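Structural features, examined
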Amino acid sequence: MGDSRLVYLDHAATTFTNPEVVEAMLPFLKERFGNPSSLYAPARAARIALENAREQVAKALGAGPEEIYFTSGGTESDNWAVLGTAYAGRKQSRHIITSSIEHHAVLHPCKYLEKQGFEVTYLPVDREGVVYPEEVEAALRPPGTSLISVMYANNEIGTIEPIPELGKIAREHGIPFHTDAVQVIGKIPLDLKRKHADVDMLSLSSHKFYGPKGIGALYIREGTKLDNYMHGGGQERGRRAGTENVAGIVGLGKAIELATRDIEKHSAKIQKMRDRLLAGILEIPLTSLNGHPEKRLPGNLNFSFEFIEGEALLLLLDQAGVCCSAGSACSSGSPGPSHVLLATGLAPEAARGSLRLTLGDANREEDVDYVLEVLPGIIKKLRAMSPFYRP
Ligand code: PLP
């Protein structure tokens, strides 16, 4: 302890911005400041950059550029997909299906809709956080369901959901299907023309794949009916008003191009480090892994340590220079146990003693050695202080 080293193991919360991305953005914060809607030369440069970024995002997803809409990030994309589809279809149906482990950016708009008379089915998950296609079938409700929204991979426990199968059910019943893919860009190859041809809307957020914060996109398949979310100017073909965050969009375009260049090789490298960390941590007594053992994101680990308070653990890890989180970053300010861990059937005490470590490009093998060196001692120290623990 007292070590000045810093080990960043919170890539699911956010990532550093790739220096190449920063370089690509800089001209648009300096001399190329024009408003893309204006008609003179510097503005045209901004407009061209914007459309180039749209092409980059489309290419990374196997989509058409006309299906990409820039937003302020994952939260806005999720809100737009959920609220926009619900409002567009409300004359026919007021029923939405989602999962109980979604990010709050999906769950809270659903709660908001419930207050307006919509009915929402929150699908259960199994012990490992998997949503079952049969549960979706069983939840379908005549005369119709206006939206099915299930995340591609969970931000806390890393479990990957069977999105192509779920999409197929939605398509068979003519129901729009949305997936929050915020955690999967650069980790799972996406192809909206083939493997993911039944996905109608997909959310992404640049700061999860080494791009800038406050910028994201919503993919909307041509023909999908949803109301606009931001009202005002005619930007984004009249569907998402507001002067574009040009530098952010350029950064998003560059970041997605870099992140999706060689997904398999990159994921294998991260997973190798992750698996060594996993094996080492599981040697600590009374420790269990949360989430699915195989169907999980390559950089994700989530543990429950019996007789441990997650907050205290985070504090001591922070003192040792290790940055990670208990539950999701967005909810770490709230004292309750994680809704995701509870949905997997974990007891509240076990959920409170959970730790999420997410690896990425900031990590080297030495980081794994360091965590394996400090963590067992910290757990031992905290357990020694617990009134319930008997060695
Ligand atoms: N969805 C998921 C699965 C996330 O992990 C996050 C961020 O943690 C979001 C949505 C929200 O994205 P943003 O931070 O860009 O608003």
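Relevant structure appears above.
First, a word on what this report is: a plain description of the structure on this page. (Residues numbered from 1 in each chain as written. Predicted model: local features only at pLDDT ≥ 70, side-chain atom pairs only at ≥ 80, totals over all residues. Heavy atoms only, no water.)

Another aspect to go through is the packing of helix 10 (residues 310-319) against helix 13 (residues 365-385). Following both chains from N to C, one finds helix 10 and helix 13 inclined at 135°, their axes separated by 10 Å at the closest point. Classified by the angle their axes make, helix 10 and helix 13 are oblique. As helix 10 packs across helix 13, the resulting crossing turns out to be right-handed. Contacts between helix 10 and helix 13 pair Ala312, Leu313, Leu316 and Leu317 from the former with Leu375, Ile378, Ile379, Lys381 and Leu382 from the latter. (Axes fitted to C-alpha atoms, helices over the stretch in contact; angles between N-to-C directions. Helix = DSSP H or I, 4+ residues; strand = E, 2+ residues; numbered from the N terminus. Parallel < 35°, antiparallel > 145°, perpendicular 65-115°, else oblique. Left-handed = near helix turned anticlockwise from the far one by under 90°. Contact = heavy atoms within 4.5 Å.)

Another point: the pairing of strand 7 (residues 201-205). With respect to burial, strand 7 is a largely interior element, five of its five residues being buried. Burial along strand 7 is two-sided: the residues Met201, Ser203 and Ser205 and Leu202 and Leu204 are all buried. In this sheet, strand 8 (residues 216-220) lies alongside strand 7 in antiparallel orientation, the contact comprising five bridges. Within the sheet, the bridge partner assigned to methionine 201 lies in strand 8 and is isoleucine 220. (Buried < 20%, exposed > 50% of the residue type's maximum accessible area, 1.4 Å probe, protein only. Pairing = 2+ DSSP bridges.)

What follows covers the packing of aromatic side chains. Enumeration according to the criterion identifies five aromatic pairs in this entry. Between tyrosine 69 and tryptophan 80 the ring centres are 5.7 Å apart and the planes differ by 80°, which places this aromatic pair in the edge-to-face class. Taken as a pair, tyrosine 69 in strand 2 (residues 68-71) and tryptophan 80 in helix 3 (residues 74-88) lie far apart in primary sequence, eleven residues in all. When sorted by exposure, tyrosine 69 lands in the same class as tryptophan 80, which is buried. Over the face of the ring belonging to tyrosine 370 we find arginine 5, whose NZ or CZ atom lies 4.5 Å from the ring centre. Here arginine 383 stacks its cationic end above the ring of tyrosine 389, 5.8 Å away from the centre of that ring. (Phe/Tyr/Trp six-rings, centres within 6.5 Å; stacked < 30°, edge-to-face > 60°. Lys NZ or Arg CZ within 6 Å of the ring centre and 35° of its normal.)

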